[in-house]
Amino acid sequence: MSATRDVIACFGEALVDFLARPASEPGTPRQFVEYAGGAPANVAVAVARLGGHARFIGMLGEDLFGEMLAAQLRDAGVDTGCVRRTADAKTALAFVSLDAQGERSFSFYRPPAADLLFRAEDFDDACFDGVAVFHVCSNSLTEPAIAEATLAGMRRARAAGALVSMDLNLRPALWPHGADPAPRVWAALEQADLVKLCVSELDFLARTEGDADAPLRRLGNAHAQCVLVTDGAAPIRWFTRTRQGIAPTFTVAAIDTTAAGDAFVGGWLQSLVEQRLTRTTLGDFLEQPEHLAAALRHAAACGALATTRHGAFAAMPTRAELERAFGAAA
């Protein structure tokens, strides 16, 4: 086992986003441009672009899209030693359209998909070697077997001493018709030390609990030490076990919001890892307003800059780009 814990391991789906481009002239078909994506894979790339040690854990298809994703992860500097491959399903696809403000809508081609075939036994000890943070999203909860693999990974990470992070990133279109995501979503959220929600996801959790304040109470009674709630360009709401507040965001000319939340999470997690935080020391860090504010400012800058370019992997900023765009504020 590595003596240094500075790896952010991201588990779940990697997929290909096909971004719709308007027709060049009336009567001609629109075009779709291929971009590497998938929420946890995006976070891994975000961390690597910031100079952090990122690892992606998941299953890719033995197809041309799987090859493209593996190559782009490696090219970004992400450790792919725990990526598995399968010929039993193809790599997932998502077709993305944007409105005039850059807000996106998705049409998913999943299931079947290779990422859903990862199983708990596909984790080995090397997947948790040196891991400071183990990060997941809810898209690996949509079917029973991949949900159990996700929960198994979270439990193993906790046992190994890592912080566990979850961005709910709820995509109802990925769940079977009529399925209630709440039981599996809550099973995962209650394993997480760090939780990121958007405002609509907090509303969803409140509906499942029948009380607007119940989700934060339930998370606090489990393992969560910090819950972040984002709402596009609006201020970030944050909640610790003893305090709550808001943090500002950055104003930019957004053209594509596809991976903004993942860039935000990557910046947030990398800020925490750079402080060498553990489950034991995280609480003290969160009690220091200037430290929490700096980490959230960095995360907000990452999310904002990602909206100014197209794609997911392709949108993740480097530190130098953040400094050029926002200076010392980032």
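In case you missed it, the structure is sitting above this.
In this text the structure is predicted, and so the values were computed from the model without any measurement.

K.L.:
What is the right way to read the overall build of the chain from this model?
P.N.:
Counting its regular elements, the chain contains 10 helices and 13 strands. Radius of gyration (C-alpha) of the chain: 19 Å, near the 20 Å computed for a compact globule of 330 residues. In terms of principal-axis extent, the alpha carbons of the chain reach across some 60 × 45 × 45 Å. Per-residue burial over the chain gives 55% buried out of 330 residues. In the chain, once contacts between residues fewer than 6 apart in sequence are set aside, the share between residues at least 24 apart is 73%.

K.L.:
Explanation requested: the environment of Trp175 in the structure shown.
P.N.:
Residue position: Trp175 is located in the loop between strand 9 (163-167) and helix 4 (182-189). Sequence separation of Trp175 and Glu143 is 32 residues, and the distance between their C-alpha atoms is 7.8 Å.

K.L.:
What exactly am I supposed to notice about the packing of aromatic side chains here?
P.N.:
Two aromatic rings, taken as a pair, are described by how far apart their centres are and by the angle between their planes. Taken as a whole and judged by the stated rule, the model has 13 aromatic pairs. On the numbers, 5.5 Å between centres and 45 degrees between planes, the contact of Phe123 with Phe128 is tilted. Its relative accessible area of 5% is what places Phe123 among the buried residues. What makes Phe128 buried here is its relative accessible area of 4%. Of the aromatic side chains, those joined through ring pairs into one cluster are Phe11, Phe118, Phe123, Phe128 and Phe134. Here the guanidinium or amino end of Arg218 rests over the ring plane of Trp186, the centre of that ring lying 4.2 Å away.

K.L.:
Would you explain the environment of Arg158 in this entry?
P.N.:
Structurally, Arg158 is set in helix 3 (residues 144-159). For the pair Arg158 and Leu197, spaced 39 residues apart in sequence, the C-alpha to C-alpha distance is 21 Å. For Arg158, the residues in contact, after removing those within four places along its chain, are Val164, Gln191, Asp193, His223 and Arg279.

K.L.:
Would you explain the packing of helix 5 (residues 199-209) against helix 6 (residues 214-221) in this entry?
P.N.:
The angle between the axes and the distance between the axes are what describe a pair of packed helices. With their axes 8 Å apart at the nearest point, helix 5 and helix 6 run at an angle of 90 degrees to one another. Between helix 5 and helix 6, the angle falls in the class roughly perpendicular. Contacts between helix 5 and helix 6 pair Leu202, Leu205, Ala206 and Glu209 from the former with Ala214, Pro215 and Arg218 from the latter. For the contact of helix 5 with helix 6, the per-class residue count stands at 5 nonpolar, no polar and 2 charged.

K.L.:
Which parts of the structure should I look at to understand the nonpolar core?
P.N.:
One recurring pattern in soluble globular proteins: nonpolar side chains tend to sit buried together. Ranked by size, the top nonpolar core spans 64 residues in total, and within it Phe56, Val78, Trp268, Leu269 and Leu296 carry the most contacts. If you tally residues by element for this core, the top one is helix 9 (residues 289-306), at 10 residues. Counting 50 residues, the second largest nonpolar core, distinct from the first, contains Ala149, Met166, Trp175 and Ala192.

What counts, and where the lines are drawn
Starting from 1, residues in each chain are numbered consecutively following that chain's sequence as written. Where local features are concerned, this predicted model is filtered to residues with pLDDT of at least 70; where side-chain atom pairs are given and counted, the filter is 80 or more; whole-chain, interface and lining totals use all residues. To get the side-chain values, all heavy atoms of the structure are used, and hydrogens and water are removed first. Per the convention used, a helix needs a DSSP run of H or I reaching at least four residues, while a strand needs a run of E reaching at least two, with both numbered from the N terminus. Atoms considered for the radius of gyration are the C-alpha atoms alone. The globule rule reads 2.2 Å times the number of residues to the power 0.38. The classification of residues rests on relative accessible area computed with a 1.4 Å probe and restricted to protein chains. Under 20% of the type maximum is buried, over 50% is exposed, and intermediate values are partly exposed. Contact between two residues is taken to exist if any of their heavy atoms lie within 4.5 Å; hydrogens are not considered. Note on aromatic pairs: the rings of Phe, Tyr and Trp (six-membered ring only in Trp) are paired at centre separations within 6.5 Å, and the planes decide the class, stacked below 30 degrees, edge-to-face beyond 60, tilted for the rest. To sit over a ring, a charge needs its Lys NZ or Arg CZ within 6 Å of the ring centre and within 35 degrees of the ring normal. Every angle, taken between N-to-C directions, lies between 0 and 180 degrees, and every axis is a line fitted to C-alpha atoms, over only the stretch in contact when it is a helix. Roughly parallel covers angles under 35 degrees, roughly antiparallel covers those over 145, roughly perpendicular covers 65 to 115, and oblique covers all other angles. For this classification, the nonpolar set comprises Ala, Val, Leu, Ile, Met, Phe, Trp, Tyr, Cys and Pro, the charged set comprises Asp, Glu, Lys and Arg, and every other residue, Gly included, is treated as polar. Nonpolar core, defined: a set of buried Ala, Val, Leu, Ile, Met, Phe, Trp, Tyr and Cys residues in which side-chain atoms within 4.5 Å join the residues together.

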